[in-house]
Each structure stands twice: as C-alpha cells, then as structure tokens.
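# Chain and residue survey
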Amino acid sequence: VKTAFECLQTALAMVKPGTLYRDLGSKIHKVAAANKCSVVRTYCGHGIGSLFHTAPNIPHYVKNKAKGVMKEGHVFTVEPMINLGAYSDITW
C-alpha cells in the first residue's frame, strides 16, 4: 500500500499543462521497481467526460504509447495498480 501511494503521489506531482500522458508511466514504474514491485498493465487511468471512461487512456507502466498532452481543463484519473512480484493479474 505504501508503494502504491508513493507511485500515485509521484504521478500527481507531474500533473500540469504540457506533461505528456505517457510520461506518468515512467515515473510510476521507477517508484514501483525501486520497491520490488511491478505495475499492472491491464488497467489504466482514463478521462472523465459526459461518460465516465473516456479518452485519454493513461497507462501507468513504462514504455507505453499513450497519446496526448495535458492541458488546463482536462479531467482524468491516475490510478496505478501495484503488485508485489509480476505485473500480471487474474480476473475473477
């Protein structure tokens, strides 16, 4: 839980106009890896508009291909899921 919170805090510190959405994943990965954790790749942050899950998609892992630059007025989530060990998850 501590590592997940640190990952979130690190990413939120980057949220400002001009930041590339894909850059969040690099910082989140760095914090997770330093704590022997990994970032789940199945889920991502997302925009919130007239529908809840909208563009942009905001992957929280390193080397993602998210498109877009943060601009004033953008509303989106940052919700990294952090695992001990491997990044894979099981749907149940």
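Note that this is a predicted model, so its numbers are computed, not measured. (Residues numbered from 1 in each chain as written. Predicted model: local features only at pLDDT ≥ 70, side-chain atom pairs only at ≥ 80, totals over all residues. Heavy atoms only, no water.)

Below, the discussion takes up helix H2 (residues 23-34). Given a rise of 1.5 Å per residue, 12 residues ought to cover 16 Å, and the 17 Å separating the end C-alpha atoms of H2 matches this to within 8%. Taken residue by residue, H2 has Leu 24, Gly 25, Ile 28, Val 31 and Ala 32 as its buried positions. Summarising the axial view, the buried residues of H2 lie within an arc of 135 degrees, below the 170-degree limit, and thus occupy one face. The outward face of H2, more than 90 degrees from its buried face, is lined by the exposed residues Lys 30 and Ala 34. Looking at the buried residues of H2, the elements they touch are helix H1 (2-12), strand S1 (37-39), strand S3 (54-58) and strand S4 (82-84). Phi turns positive one or two residues past the end of H2, at Lys 36, with a value near 60 degrees. (Helix = DSSP H or I, 4+ residues; strand = E, 2+ residues; numbered from the N terminus. Expected span 1.5 Å × (residues − 1). Buried < 20%, exposed > 50% of the residue type's maximum accessible area, 1.4 Å probe, protein only. Arc of directions from axis to C-beta. Contact = heavy atoms within 4.5 Å.)

Residue placement: Asn 83 occurs in strand S4. Judged by its relative accessible area of 17%, Asn 83 is buried. Within the structure, Asn 83 has its side chain in polar contact with the backbone oxygen of Ala 86 (distance 3.2 Å). For Asn 83, the side chain forms a polar contact with the main-chain oxygen of Ser 88, separated by 3.0 Å. Beyond its immediate stretch of four places on either side in the chain, Asn 83 contacts Cys 37, Ser 38, Val 40 and Ser 88. (Polar contact = N/O pair within 3.5 Å; in protein donor to acceptor, adjacent residues only side chain to side chain.)

Looking now at the environment of Gly 85. Its place among the elements puts Gly 85 in the segment after S4. The spatial distance from the C-alpha of Gly 85 to the C-alpha of Tyr 43 is 17 Å, given a sequence separation of 42 residues. Not counting residues within four places of it along the chain, the set of residues in contact with Gly 85 comprises Lys 36, Cys 37 and Ser 38.

Below, the discussion takes up unusual backbone geometry. Looking along the chain, the bond that leaves Ala 55 and enters Pro 56 is cis, with omega of 5 degrees. Inspection of the secondary structure assignment puts Pro 56 in strand S3. The backbone of Lys 36 shows a phi angle near 60 degrees, a positive value even though the residue is not glycine. Relative to the assigned elements, Lys 36 resides in the loop between H2 and S1. Here Lys 36 falls in the exposed class, since its relative accessible area comes to 73%. Phi is positive for Lys 63, close to 60 degrees, though the residue is something other than glycine. Mapped onto the fold, Lys 63 is located in the loop between S3 and S4.

Note that every value here comes from positions in space, so none of it alone points to a role or purpose.
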